[in-house]
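# Fold and geometry: a report
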Amino acid sequence: MTKYVIISGELSSLDYDTNKKRSKALENFIGDILRLSLSECQGRYKNDFETSFKVEIRYQENISQLKLLAMQFEQESILLISGKSKAKLLYLDDDIPPLHLGKYTKVNEFEY
């Protein structure tokens, strides 16, 4: 079963143009350097909408790679979606345990 990570490079404290550049840099790194399949999506964190990427996980080490990348982009966490669509927030601070969120459900723009 396929696992995914949802990751963003945006920060709510930055302006639109800066966040757009960060998102492009994150997208390029994931696709060109890590060579992982990804698709752009709109994420939401702490009530802020942000450009995010749904990244297909092929190997367990990909999760660690994405956590390190998220640290470089000053993120607090990444969202892991298991093959059974169970979602959990993985904090980059290893002292904070994962937060199990329940079942991941894709919604369209009219549902949020």
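See the structure above.
Now for a quick tour of the structure. Quick caveat: nothing in here was measured; it's all calculated off a predicted structure. (Residues numbered from 1 in each chain as written. Predicted model: local features only at pLDDT ≥ 70, side-chain atom pairs only at ≥ 80, totals over all residues. Heavy atoms only, no water.)

## A few points about the nonpolar core
- Core analysis: the biggest nonpolar cluster contains 18 residues, and Val5, Ile7, Leu26, Ile30, Val55, Leu66 and Leu69 have the highest contact counts within it.
- Going through the elements one at a time, strand 1 (3-8), helix 1 (16-33), strand 3 (48-57), helix 2 (60-72) and strand 4 (77-81) are the ones with two or more residues in this core.
- Top contributing element to this core by residue count: helix 2, with four residues.
- Setting aside residues no more than four positions away along its own chain, Leu69 makes contact with Leu26, Phe29, Ile30 and Leu34.
- Counting residues in each nonpolar core, the second largest holds six residues, with Leu79, Ala87, Leu89 and Tyr91 among its members. (Core = buried A, V, L, I, M, F, W, Y, C linked by side-chain atoms within 4.5 Å. Buried < 20%, exposed > 50% of the residue type's maximum accessible area, 1.4 Å probe, protein only. Helix = DSSP H or I, 4+ residues; strand = E, 2+ residues; numbered from the N terminus. Contact = heavy atoms within 4.5 Å.)

## Section: the sheet that holds strand 4
- As summarised here, the arrangement of the six strands in space is 2-3-1-4-5-6, forming an open sheet in which the pairing is antiparallel. Lying at the two open borders of the sheet, with one neighbouring strand each, are strand 2 (38-45) and strand 6 (99-103). Neighbour-to-neighbour, the strand axes of this sheet turn through a mean angle of 30°, independent of strand direction.
- Where strand 2 and strand 3 come together, eight bridges link them in antiparallel fashion. Within the sheet, the bridge partner assigned to Ser39 lies in strand 3 and is Lys54.
- Along the sheet, helix 1 contacts strand 1, strand 2 and strand 3; its crossing angle with strand 3, the most-contacted strand, is approximately 5°.
- Where helix 2 meets the sheet, its contacts fall on strand 1, strand 3, strand 4 and strand 5 (86-91), and the angle it forms with strand 4 comes to roughly 155°. (Pairing = 2+ DSSP bridges. Axes fitted to C-alpha atoms, helices over the stretch in contact; angles between N-to-C directions.)

## Topic: the environment of Asp95
- Tracing the chain through its elements places Asp95 in the loop between strand 5 and strand 6.
- Distance in space between the C-alpha atoms of Asp95 and Glu61 is 20 Å, their sequence separation being 34 residues.

## Here's the deal with the pairing of strand 4
- The buried fraction of strand 4 amounts to five of the five residues, a majority that puts the element mostly inside the structure.
- Residues Ser77, Leu79 and Ile81 line one face of strand 4 and the alternating positions Ile78 and Leu80 line the opposite face, and both faces are buried.
- Bridging between strand 1 and strand 4 involves three bridges; their strand directions are antiparallel. Counterpart to Ile6 in the pairing with strand 4 is Leu79.

## Let's talk about the packing of aromatic side chains
- Inspection of every chain in the model, using the stated rule, returns zero aromatic pairs.
- Against the face of Tyr4 rests Lys54, its NZ or CZ located 4.3 Å from the ring centre. (Phe/Tyr/Trp six-rings, centres within 6.5 Å; stacked < 30°, edge-to-face > 60°. Lys NZ or Arg CZ within 6 Å of the ring centre and 35° of its normal.)

## Quick word on the side chain of Asn62
- Within the fold, Asn62 resides in helix 2.
- Apart from residues lying up to four places away in sequence, Asn62 is in contact with Leu36 and Ile57.

## Focus: the pattern of salt bridges
- Tallied over the full model, the rule gives four salt bridges.
- Its salt-bridge partner being Arg22, residue Glu74 comes within 3.9 Å of it at the nearest N-O pair. Of this pair, Glu74 sits in the loop between helix 2 and strand 4 while Arg22 sits in helix 1; the two residues are 52 residues apart in sequence, bridging distant segments of the chain. (Salt bridge = Lys/Arg side-chain N within 4 Å of Asp/Glu carboxyl O.)

In short, geometric facts, not functional conclusions.
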